[in-house]
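Here's the letter readout for the chains.
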Amino acid sequence: MHSNQPKCHTARGVLKRVGLCCLGLFAQACYLEVAAAPLELAKGDAVVVSAEHAVEDDSERAMHLRGNVQVHAPTWEMFAAQAILYGNPAAPDVVVADGVPARIRLFRDNGELRVEAEGRHVEYSRADDMVQMTGEAALTDDRRTIRGDRVRYAIQSGRISVEGEKRVRAQTRAGPK
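## Here's the deal with the overall build of the protein
Regarding its fold elements, the protein presents zero helices and 14 strands. Looking at the 177 residues of the protein, the share that counts as buried comes to 36%. A total accessible area of about 10,700 Å² is found for the protein, and carbon and sulfur atoms account for 49% of it.

## Observations regarding the packing of aromatic side chains
Enumeration over the complete set of coordinates arrives at one aromatic pair. Ring centres 5.2 Å apart and planes at 70 degrees place the aromatic pair W76 and Y124 in the edge-to-face group. Of the two residues, W76 is situated in strand β8 (residues 76–86) and Y124 in strand β10 (residues 113–125); the sequence distance between them amounts to 48 residues. Taken as a pair, W76 and Y124 share a single burial class, namely buried.

## With respect to unusual backbone geometry
Cis geometry marks the peptide bond from V100 to P101, where omega comes out at -10 degrees. Turning to its location among the elements, P101 is positioned in strand β9 (residues 94–107). One non-glycine residue with positive phi stands out, namely D129, at about 55 degrees. With respect to the helices, strands and loops of the structure, D129 is situated in the loop between β10 and β11 (130–140).

## Digging into the pairing of strand β5 (residues 46–50)
Burial along β5 is one-sided: V47 and V49 are buried, while A46, V48 and S50, pointing the other way, are not. Sheet topology note: the β5/strand β7 (residues 62–72) ladder contains three bridges and is antiparallel. Bridged to V49 within β7 is V71.

## Notes on the side chain of T145
Within the element layout of this structure, T145 appears in strand β12 (residues 144–154). Polar contacts involving the side chain of T145 include one to the side chain of T140, which spans 3.2 Å.

## Concerning the pairing of strand β13 (residues 160–163)
Where β12 lies against β13, four bridges are found, and the strand directions are antiparallel. Bridge pairing in β13 links R152 to S161. Hairpin connection, β12 to β13: the antiparallel pair is bridged by five residues, and G158 has positive phi, about 80 degrees.

## Observations concerning the confidence of the model for the protein
Of all residues in the protein, 67% have pLDDT values of 70 or greater, and the mean over the chain is 76. Within the protein, β10 carries the highest mean pLDDT (97), whereas strand β2 (residues 19–21) carries the lowest (26). Across residues 1–44, where pLDDT falls below 50, the model places 75 contacts with residues more than four positions away in sequence or in other chains.

Scoring rules and cut-offs
Residues numbered from 1 in each chain as written. Predicted model: local features only at pLDDT ≥ 70, side-chain atom pairs only at ≥ 80, totals over all residues. Heavy atoms only, no water. Helix = DSSP H or I, 4+ residues; strand = E, 2+ residues; numbered from the N terminus. Buried < 20%, exposed > 50% of the residue type's maximum accessible area, 1.4 Å probe, protein only. Areas by Shrake-Rupley, 256 points an atom, 1.4 Å probe, with all protein chains shown as cover. Phe/Tyr/Trp six-rings, centres within 6.5 Å; stacked < 30°, edge-to-face > 60°. Pairing = 2+ DSSP bridges. Polar contact = N/O pair within 3.5 Å; in protein donor to acceptor, adjacent residues only side chain to side chain. pLDDT = per-residue confidence, 0-100. Contact = heavy atoms within 4.5 Å.

Put into structure tokens, the structure is as follows:
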């Protein structure tokens, strides 16, 4: 296998390209792409990736996922029509997702939901500790829902910035007393 060819991923985490012979005098290479499954992290934590198609691109250090994409990690999960995981698939540096909408949920260390965010395009940067949503973007926490064309959320500080020519709306919920 040439190093610049994409690799598919199987349930064992590191998948190999599967070549099948097609019928006819001239054999063609056909490739089977299958859903990825648990990828182990440190001390029993796991990132579970599932999609109808998963192809790894070594030149980009990226995994391209298409079709009913779900990524579940200990502190976050994402749902999208397609996504790209940059870096190690078991602990991606950046995740870029598209969908109608693409969704991400971030959890606190104790497992409680911190925020739920969605947009047509969602980018999660673990290195920058930032989530950015564009296209009918919304961010919901336990107190409010914020909507705009573009919403940015700094995870550690909780800072939210909203941009939008069409609309910017914030809806506050009454919290527990």
